[in-house]
Amino acid sequence: MAKKLLVVDVDCGVDDAQAIMMALASPSVEILGITCCFGNTSIENVCRNVLHVLKVCNRTEIPVFRGASDSLLGGSDLPFLHFGGDGLGDVPDQARPGLENLQGEHAVQALLRIISEHAGQICLVATGPLTNLALAVKLDPTFPQKLKHLYIMGGNMDGTGNRSMCAEFNFSLDPEAAHIVLNQFLCPTYIATLQFTYNNSLSMDFFKDLVNQNTMKARFMKKITSQWSHNKSDFVSYDSYAMAAAIDESVITDYLACSVSVELNGQLTRGMLVLDVNNRQKKTHKAFLMKRCDLEKFKKLLMLSLQ
Ligand SMILES: [Ca+2]
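Residues numbered from 1 in each chain as written. Predicted model: local features only at pLDDT ≥ 70, side-chain atom pairs only at ≥ 80, totals over all residues. Heavy atoms only, no water.

## Details of the coordination of the calcium ion
Distances from the calcium ion to its protein donors, Asp11 (OD), Asp16 (OD), Asp16 (OD), Thr127 (O) and Asp239 (OD), fall within 2.2 to 2.5 Å. When the donor residues of the calcium ion are listed from N- to C-terminus, their spacing reads D-x4-D-x110-T-x111-D. Placement of Asp16 in helix H1 (residues 14–25) and of Asp239 in helix H10 (residues 238–247) is noted, with a sequence separation of 223 residues between them. By relative accessible area, Asp239 is classed as buried at 2%. (Donors = N, O, S within 2.8 Å, 3.2 Å for Na, K, Ca; no water. Helix = DSSP H or I, 4+ residues; strand = E, 2+ residues; numbered from the N terminus. Buried < 20%, exposed > 50% of the residue type's maximum accessible area, 1.4 Å probe, protein only.)

## Focus on the packing of aromatic side chains
Enumeration according to the criterion identifies 11 aromatic pairs in this entry. With a centroid separation of 5.8 Å and 75 degrees between ring planes, the pair formed by Phe143 and Phe185 is classed as edge-to-face. Taken together, the positions of Phe143 in the loop between helix H4 (131–139) and strand E5 (147–153) and Phe185 in the loop between helix H6 (175–184) and strand E6 (189–192) put the pair 42 residues apart, joining distant regions of the chain. Phe185 shares its class with Phe143; the two are buried. Seen from their ring centres, Phe207 and Trp228 are 5.3 Å apart, and the 65 degrees between their planes marks the pair as edge-to-face. Of the two residues, Phe207 is situated in helix H8 (residues 204–211) and Trp228 in the loop between helix H9 (216–224) and strand E8 (234–235); the sequence distance between them amounts to 21 residues. By relative accessible area, Phe207 is classed as buried at 4%. In this structure an aromatic cluster arises from ring pairing among Tyr151, Tyr190, Tyr255 and Phe288. (Phe/Tyr/Trp six-rings, centres within 6.5 Å; stacked < 30°, edge-to-face > 60°.)

Dropping the structure here:
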């Protein structure tokens, strides 16, 4: 069977690394390129982290592109140390590569080119702020219609955020970009929201089994999660849900089809995902919000990712 073609847009923290490794390990998908966006850490660190993950997995032939270093409006307040200052746990590592293998082409140009070369065939998986995607549709309004599917980790379903009171991290770092993408990408769009990931979290016992596998990849993952895994009561690999859905659509067993948008002006709610359940805005396009996950299949993909 022909492999599914993926392009991945990341702000590579630990969970983006987990998602990338999941795709690299899957025999049913092929990654054509990885585009980088600021987010969990600076754009330089994001690029280095992606190159580091590819090095650990012996997949340095996959091209990596540098993208947006800030939100559309600028001035995004970066320090968010969930995965450490460098995004991968602040672990000193001699093997961490420089930026020599980074492509010269800008991430947004690369997105436009790769998707045009494979129009109608590519699933785009976006696991960071949506700045690169928003820039892409501004440069080429036909970009979304050339995508097969779009998978996003971002937003929230019940108005409870993590970076702010009402906004999830990726959307809150660039609300305008999230607004543009949710309103202008009319391709089939699947969203793993913050609450969906919380509702489908895994146990720390599973996490220990995952990182204690006797492989180079598992040792790498154990190292970059060594600080993070202290005092955690459960394991939420946020970005891996969007990736798992792209790899194997049967991992997600139930969706809510709903018109969505993003609040831009609320004093308390800026960056919040808005669910127009009763379609008051009369939009014809509905996004699919993930509701249920086949956890056994998801766990298998995670275990395989480090083998
Ligand atoms: Ca991410």
